[in-house]
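Now for the letters of each chain:
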Amino acid sequence: MNQHPTLAFIGAGNMARAIIGGLISNGFPAAKIRASSPTIDRLADLKSQGLFVTTDNAEAMSSADIVVLAVKPQMLKAVLQPLAAAAARNKPLFISVAAGITSQSINKWLGGDQAIVRCMPNTPALVKMGANGLFANASVSEAQRSQAVSVLSATGLTLWVEQEEQLHAVTAVSGSAPAYYFLFMEAMIAAAEKQGLSKEVATQLTLQTARGAAEMALQSDVDPAELRRRVTSPKGTTEQAILSFQANHLDRLVEEAMQACAARSVSMAKELGDD
Ligand SMILES: NC(=O)c1ccc[n+]([C@@H]2O[C@H](COP(=O)([O-])OP(=O)(O)OC[C@H]3O[C@@H](n4cnc5c(N)ncnc54)[C@H](OP(=O)(O)O)[C@@H]3O)[C@@H](O)[C@H]2O)c1
């Protein structure tokens, strides 16, 4: 990015901080980032990194090129309605990371005719290993699409989806999914401790193996199923673990969990949206 746009984050919690952290460690100037949230004390660390911080959302978004909406979905309507006049004046690009809430609802709350990209990011954005699924509404120009990609790609992979409804599946496969892997790590560490390893050794081996498997799968020219077969010697040790997972229907557990996740995204859009 040669000329950095001015970014305003409305909401400065976990997801905003993961994106901000990824951007700054990728060389995005902190002075071009603003952040707002209701408690000034909670913004002190961002201020010390060079961001402009405020408790006034309208002040944060004034003259911003891109406004990242990073409040909880339950808060979005109340946060956006007072910003409609400023949105009509400034016409920034809005990027909403809120789960579920449609671009139509967001557009309505902002008074209409707004360029809105919906992004489903994930918290590994903090270490520039994020995965972002993006959808643009009809008011987003080609230049704004490129701008959204160039900002978000500083936090990791960015992929467009054609249908807004596909963001429910993106939420299930990447937005929420770091938590699935963390849960799996927790279970492996606990099981390794039961087998006699110290917590520290169990943790280091678990995390390095997760990193190695992911990196290997990314670099490989064969699919994960083939990589699994290459670890699994006939009548060997791995086979027993895989047979145990299969006997306990791991595929079904994963499918049901991802369906529940996507279904909650659909129901949040209905409960909290205005379509
Ligand atoms: N966390 C994830 O892994 C993840 C992944 C993908 C998408 N998302 C989406 O990201 C959004 C934020 O989630 P999160 O996990 O970052 O939540 P969070 O940590 O609770 O952050 C929400 C932020 O909004 C602030 N806030 C509350 N009321 C506000 C207001 N009226 N005006 C401005 N800011 C206000 C909060 O400030 P206080 O703390 O001072 O109340 C906090 O900084 C959600 O819509 C979620 O669906 C999250």
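Residues numbered from 1 in each chain as written. Predicted model: local features only at pLDDT ≥ 70, side-chain atom pairs only at ≥ 80, totals over all residues. Heavy atoms only, no water.

### As for the packing of aromatic side chains
Right, on to step 1. Tallied over the entire structure, the rule returns 1 aromatic pair.
Right, on to step 2. Each ring, one from Phe184 and one from Phe245, has its centre 6.0 Å from the other, and the planes form 35°; the classification is tilted. One end of the pair, Phe184, is in helix 9 (residues 177-194); the other, Phe245, is in helix 12 (residues 237-247), with 61 residues separating them in the sequence.
Right, on to step 3. Taking relative accessible area as the criterion, Phe245 reaches 37% and is therefore assigned partly exposed. (Phe/Tyr/Trp six-rings, centres within 6.5 Å; stacked < 30°, edge-to-face > 60°. Helix = DSSP H or I, 4+ residues; strand = E, 2+ residues; numbered from the N terminus. Buried < 20%, exposed > 50% of the residue type's maximum accessible area, 1.4 Å probe, protein only.)

### Examining the pattern of salt bridges
Right, on to step 1. Under the definition given, this model contains 7 salt bridges.
Right, on to step 2. Arg118 is the partner of Glu164 in a salt bridge, and the nearest nitrogen-oxygen pair spans 2.9 Å. Of the two residues, Glu164 sits in the loop between strand 8 (156-160) and helix 8 (166-175) while Arg118 sits in strand 6 (residues 115-120), which places them 46 residues apart along the sequence. Arg118 carries the same exposure label as Glu164, and that label is buried.
Right, on to step 3. One salt bridge connects Arg264 with Glu271, and the closest N-O pair in it is separated by 3.0 Å.
Right, on to step 4. For Arg264, a relative accessible area of 35% puts it in the partly exposed group.
Right, on to step 5. Connected via shared salt-bridge partners are Glu226, Arg229 and Arg230. (Salt bridge = Lys/Arg side-chain N within 4 Å of Asp/Glu carboxyl O.)

### Points about the site of the ligand
Right, on to step 1. In the vicinity of the ligand, 23 residues are found, and the nearest of them are Asn14, Met15, Arg42, Val71 and Ala99.
Right, on to step 2. A distance of 3.0 Å is found between an oxygen atom of the ligand and a backbone nitrogen or oxygen belonging to Ala12.
Right, on to step 3. In this structure, an oxygen atom belonging to the ligand sits 3.0 Å away from a main-chain N or O atom of Ala99.
Right, on to step 4. Protein burial of the ligand: of its 890 Å² of free accessible surface, 78% is covered by the chains.
Right, on to step 5. Its atoms largely coinciding with the cavity grid, the ligand occupies the second largest pocket.
Right, on to step 6. Considered class by class, the residues forming the shell around the ligand number 13 nonpolar, 8 polar and 2 charged. (Near = heavy atom within 4 Å. Polar contact = N/O pair within 3.5 Å; in protein donor to acceptor, adjacent residues only side chain to side chain. Areas by Shrake-Rupley, 256 points an atom, 1.4 Å probe, with all protein chains shown as cover. 1 Å grid on protein atoms, 1.4 Å probe; cavity = no way out; pocket = protein on both sides within 12 Å on 5 of 7 lines; lining within 4 Å. Sits in = over half its atoms within 2 Å of the grid points. Nonpolar A, V, L, I, M, F, W, Y, C, P; charged D, E, K, R; others polar.)

### Points about the UniProt feature "binding site: NADPH" (unreviewed entry) in the protein
Right, on to step 1. Residues annotated in UniProt with the feature "binding site: NADPH" (unreviewed entry) correspond here to Asn57.
Right, on to step 2. Asn57 has contacts with Ile10, Ser36, Val79 and Leu83, leaving out every residue within four places of it along the chain. (UniProt positions renumbered as here; feature names shortened; annotations may be inferred. Contact = heavy atoms within 4.5 Å.)

### Thoughts on the pairing of strand 5 (residues 93-96)
Right, on to step 1. Of the two faces of strand 5, the one lined by Leu93 and Ile95 and the one lined by Phe94 and Ser96 are each fully buried.
Right, on to step 2. Pairing between strand 4 (residues 66-69) and strand 5: 4 bridges, direction parallel. Counted as the bridge partner of Leu69 is Ser96 from strand 5.
Right, on to step 3. Bridge count between strand 5 and strand 6: 4 bridges; the pairing is parallel. Its bridge partner lying in strand 6, Phe94 is registered against Ile116.
Right, on to step 4. For the segment spanning strand 5, helix 6 (residues 103-109) and strand 6, crossover handedness is right-handed. (Pairing = 2+ DSSP bridges. Right-handed = clockwise from strand over helix to strand, strands pointing away.)

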